[in-house]
Amino acid sequence: MKSISITGLILLAVSALLFYLTTDFAVEQIKLSHIMGIMGGIGIGLIIGGMVGYLSKGSAIKEEQKRKEFKQLQKDKEELEKQAAEIAKRQIELENQNKNPQI
């Protein structure tokens, strides 16, 4: 949203500059071509804003997917560590039983 606001402010500044250069801010000099320019500027702003919003949303979705995958990998790592610890514990118990048979 920040980038959309910046794009809108830049377009507004450009349109104000162009309006000043063509009419010297005199309301009497506003013509149909100025209104058409304003409407065109709004249209261009909406198109650029939509494209920027679409791109930023896509980036956010990809980033969220990466975070979910990372959390899943962390959980899998913890599970594997628990299993490795359990296997090591069982192996030590078997070695102790083999050294000290209960006959």
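Above this text sits the structure in question.
Residues numbered from 1 in each chain as written. Predicted model: local features only at pLDDT ≥ 70, side-chain atom pairs only at ≥ 80, totals over all residues. Heavy atoms only, no water.

J.: How should the overall build of the protein be read in this particular structure?
T.: A count of helices and strands for the protein gives 2 helices and 0 strands. C-alpha atoms of the protein, sized along the principal axes, occupy 115 × 15 × 10 Å. Within the protein, the fraction of its 103 residues that count as buried is 6%. Put simply, the protein shows about 9,500 Å² of open surface, and 65% of that area lies on carbon and sulfur atoms. Positive and negative side-chain charges of the protein, numbering 14 and 12 respectively, have mean locations separated by a distance of 2 Å. (Helix = DSSP H or I, 4+ residues; strand = E, 2+ residues; numbered from the N terminus. Buried < 20%, exposed > 50% of the residue type's maximum accessible area, 1.4 Å probe, protein only. Areas by Shrake-Rupley, 256 points an atom, 1.4 Å probe, with all protein chains shown as cover. Lys, Arg positive; Asp, Glu negative; His and termini not counted. Charge placed at Lys NZ, Arg CZ, Asp CG, Glu CD.)

J.: Sorry, what's going on with the layout of surface pockets here?
T.: Taking a probe equal in size to a water molecule and rolling it over the atoms shows the remaining empty space. If you add up the space inside the largest pocket, you get close to 490 Å³. Among the secondary structure elements, those contributing two or more residues to the lining of the largest pocket are α1 (2–23) and α2 (32–99). In terms of residue count, the dominant contributor to the lining of the largest pocket is α1 (9 residues). Along the lines of polarity and charge, the residues of the lining of the largest pocket split into 9 nonpolar, 8 polar and no charged. (1 Å grid on protein atoms, 1.4 Å probe; cavity = no way out; pocket = protein on both sides within 12 Å on 5 of 7 lines; lining within 4 Å. Points joined across faces, edges and corners; volume = space filled by probe spheres on them. Nonpolar A, V, L, I, M, F, W, Y, C, P; charged D, E, K, R; others polar.)

Don't take any of this as a statement about function, it's just geometry.
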